[in-house]
Amino acid sequence: MGRILLVGRLAVRDLGRRRAEAALMITVIAAATATLSLGLVLGGVTGDPYWHTRSLTAGPDVVAQSGTPGKVAGPPASLTALERAPGVIGYSGPYPVASPTLRANGHTVPSAVAGFVAEGRDQAPASVDQPKVIQGTWVRPEGVVIEPTYAAQLGVRTGEMITLNGRPFRVAGLAVTAAWPSVNAPGLLWLTQADARSLATATEPLSWLLNLRIANPAIATAFADDHSTDNLSLGSWQQIGSQDGKELQFEQEALVVGSWLLSMLAIASVAVLVGGRMAEQARRVGLLKAVGGTPRFVAGVLLVEHLMLALVAAAAGLACGWLAAPLLSSPV
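Conventions and cut-offs
Residues numbered from 1 in each chain as written. Predicted model: local features only at pLDDT ≥ 70, side-chain atom pairs only at ≥ 80, totals over all residues. Heavy atoms only, no water. Helix = DSSP H or I, 4+ residues; strand = E, 2+ residues; numbered from the N terminus. Buried < 20%, exposed > 50% of the residue type's maximum accessible area, 1.4 Å probe, protein only. Areas by Shrake-Rupley, 256 points an atom, 1.4 Å probe, with all protein chains shown as cover. Salt bridge = Lys/Arg side-chain N within 4 Å of Asp/Glu carboxyl O. Core = buried A, V, L, I, M, F, W, Y, C linked by side-chain atoms within 4.5 Å. Contact = heavy atoms within 4.5 Å. Phe/Tyr/Trp six-rings, centres within 6.5 Å; stacked < 30°, edge-to-face > 60°. Pairing = 2+ DSSP bridges. pLDDT = per-residue confidence, 0-100. Arc of directions from axis to C-beta.

### A short note on the overall build of the chain
Now for step 1: A tally of helices and strands in the chain yields 12 helices and 12 strands.
Now for step 2: Each of the 332 residues in the chain was classed as buried or not, and the buried ones make up 43%.
Now for step 3: For the chain, the accessible area works out to roughly 16,600 Å², and carbon and sulfur atoms hold 64% of it.

Rendered as structure tokens:
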């Protein structure tokens, strides 16, 4: 125990005299460890944010939308017939979907160009697909709710004003849904059904959207394929979840590649620092040998120094990766 304690004290004292070198080694190793751990963690959670959102919002198993614009008076019969299709045990809608021209922060954004839609909803909660409000309130007359990713793109916040087809609407809140991918998809707004219907024009009439719950969610993709037609477009929760996870997959791949590059940089930096320290410690090694230190004892002191740095850096890197992972994978 006395020899071990002596080795530890000598290692700590030497590190204290070379704080800059120790800090550099810890920083490089911690950065590589954090990036690698973050990439590995994201590899197992790409589907978790969607599942979390799906559970919070009573996500639909299948989303059906009229492929061609319908009449303002009501949805097409081919869409409403899905409510009675074999295997369907619940639904919400059909809801009117408008494609208005949006103006926010002094910029005009036509729906046909920017690719966003405004879905009319009831103020009362729906049994299938009820978006989760994460800020503000749900839809109300002349009050619009925006999907957070699209709100960030527009640069608008709760309480601010936007216009749809020239009509003013206040941003009542932000909400998430499992019925619409949060990435690689058009932006999504919600407003009351009456407001959505009022935005229909001769050039941009309404389309309609129906959320379905089926008895066996595992066959949702097959159900969607069987019932899709030229006039109806159906998508399953599996397809939506897969599309929603693409962004995290790209992040994971970039992080893993970056972690390997940082690891190589860390190895090169450690080799340079260790080589430099070994040259500097020639006199110290001589002193240790002069007082009776064996080659094994001297090597033990040097090994403990670098092992302490590696353990501290690895712990810091893992902690940073663990704390950062939820920020990248959070559904909201």
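### Remarks on the pattern of salt bridges
Now for step 1: A complete count under the given rule lists five salt bridges for this structure.
Now for step 2: Where Glu160 meets Arg157, a salt bridge forms, and the shortest distance between an N and an O atom there is 3.5 Å.
Now for step 3: A salt bridge links Arg167 to Asp195; the nearest nitrogen and oxygen atoms lie 3.4 Å apart. On the criterion of sequence distance, the pair formed by Arg167 in strand E9 (residues 167–176) and Asp195 in helix H7 (residues 193–198) is long-range, its members being 28 residues apart.
Now for step 4: Ionic contacts of the salt-bridge type, sharing partners, join the residues Glu119, Arg121 and Asp129 into one network.

### Looking at the nonpolar core
Now for step 1: Core analysis: the largest hydrophobic core is formed by 54 residues, its most contacted members being Ile146, Ile162 and Leu189.
Now for step 2: Each residue touching Ile146, except ones within four places of it in the same chain, is listed here: Ala151, Val156, Val171, Gly173, Leu174, Ala175, Leu188, Leu189 and Trp190.

### As for the packing of aromatic side chains
Now for step 1: The full count for this structure, using the stated rule, is one aromatic pair.
Now for step 2: Taken together, a centroid distance of 5.9 Å and an interplanar angle of 50° make the contact between Trp138 and Trp190 tilted. Here Trp190 lies in strand E10 (residues 187–192) and Trp138 lies in the loop between strand E6 (132–136) and strand E7 (143–146), a separation of 52 residues in the sequence. The residues Trp138 and Trp190 share a single accessibility class, namely buried.

### Quick word on unusual backbone geometry
Now for step 1: In this structure, Pro94 follows Gly93 across a cis peptide bond, with omega equal to 0°.
Now for step 2: Here Pro94 is to be found in strand E2 (residues 88–98).

### Points about the pairing of strand E1 (residues 62–66)
Regular strands place their side chains on alternate faces of the sheet.
Now for step 1: Of all five residues in E1, four are buried, a share of seventy percent or more.
Now for step 2: Of the strand pairs in this sheet, E1 and strand E12 (residues 232–236) are connected by five bridges, and their pairing is antiparallel. Paired with Val62 across the two strands is Ser236, which belongs to E12.

### What to know about the environment of Trp190
Now for step 1: Classification of Trp190 by relative accessible area gives buried; the value is 0%.
Now for step 2: Through-space distance from the C-alpha of Trp190 to that of Trp138 is 8.6 Å; in sequence the pair is 52 residues apart.
Now for step 3: Aside from chain neighbours lying at most four places away, what touches Trp190 is Glu119, Arg121, Pro131, Trp138, Val139, Gly143, Val144, Val145, Ile146, Glu147, Ala175 and Thr177.

### What to know about the confidence of the model for the chain
Now for step 1: Here the chain averages 77 in pLDDT, and 61% of its residues register 70 or above.
Now for step 2: Taken element by element, the predicted model of the chain shows its lowest mean pLDDT in helix H5 (residues 111–114) (55) and its highest in E7 (96).

### Side note on the side chain of Gln193
Now for step 1: As for its position among the elements, Gln193 is in helix H7.
Now for step 2: Exposure remark for Gln193: the relative accessible area of 17% places this residue in the buried category.
Now for step 3: Those residues within four positions of Gln193 in sequence are excluded, and the remaining contacts are Pro94, Tyr95, Pro96, Gly120, Arg121 and Asp122.

### Describing helix H8 (residues 220–227)
Now for step 1: Taken together, the buried positions of H8 are Ala220, Phe223 and Ala224. Taken around the axis of H8, the buried residues stretch over an arc of 100°, which confines them to a single face. Of the exposed residues in H8, those oriented more than 90 degrees away from the buried face are Asp225 and Asp226.

### Re the environment of Gly159
Now for step 1: In this structure, Gly159 sits in the loop between helix H6 (148–154) and strand E8 (161–164).
Now for step 2: The exposure class of Gly159 is partly exposed, given its relative accessible area of 33%.
Now for step 3: Spatially, the C-alpha atoms of Gly159 and Gly173 are 7.6 Å apart, while their sequence positions differ by 14 residues.
Now for step 4: Once residues within four sequence positions are removed from consideration, Gly159 is found in contact with Arg170 and Val171.

### Observations regarding the environment of Phe169
Now for step 1: Within the secondary structure layout, Phe169 lies in strand E9.
Now for step 2: Contact partners of Phe169, with chain neighbours within four places excluded, come to Glu142, Gly143, Val144, Glu160, Met161, Ile162, Leu164, Leu191, Asp195 and Leu199.

### Quick look at the pairing of E7
Now for step 1: A two-sided burial pattern is seen for E7, the buried positions comprising Gly143 and Val145 on one face and Val144 and Ile146 on the other.
Now for step 2: Bridging between E7 and E9 involves four bridges; their strand directions are parallel. Note on E9: the bridge partner recorded for Ile146 is Leu174.
Now for step 3: Judged from the two bridges that link them, E7 and E10 form a sheet pairing that is antiparallel. What sits directly across from Ile146, in E10, is Leu189.

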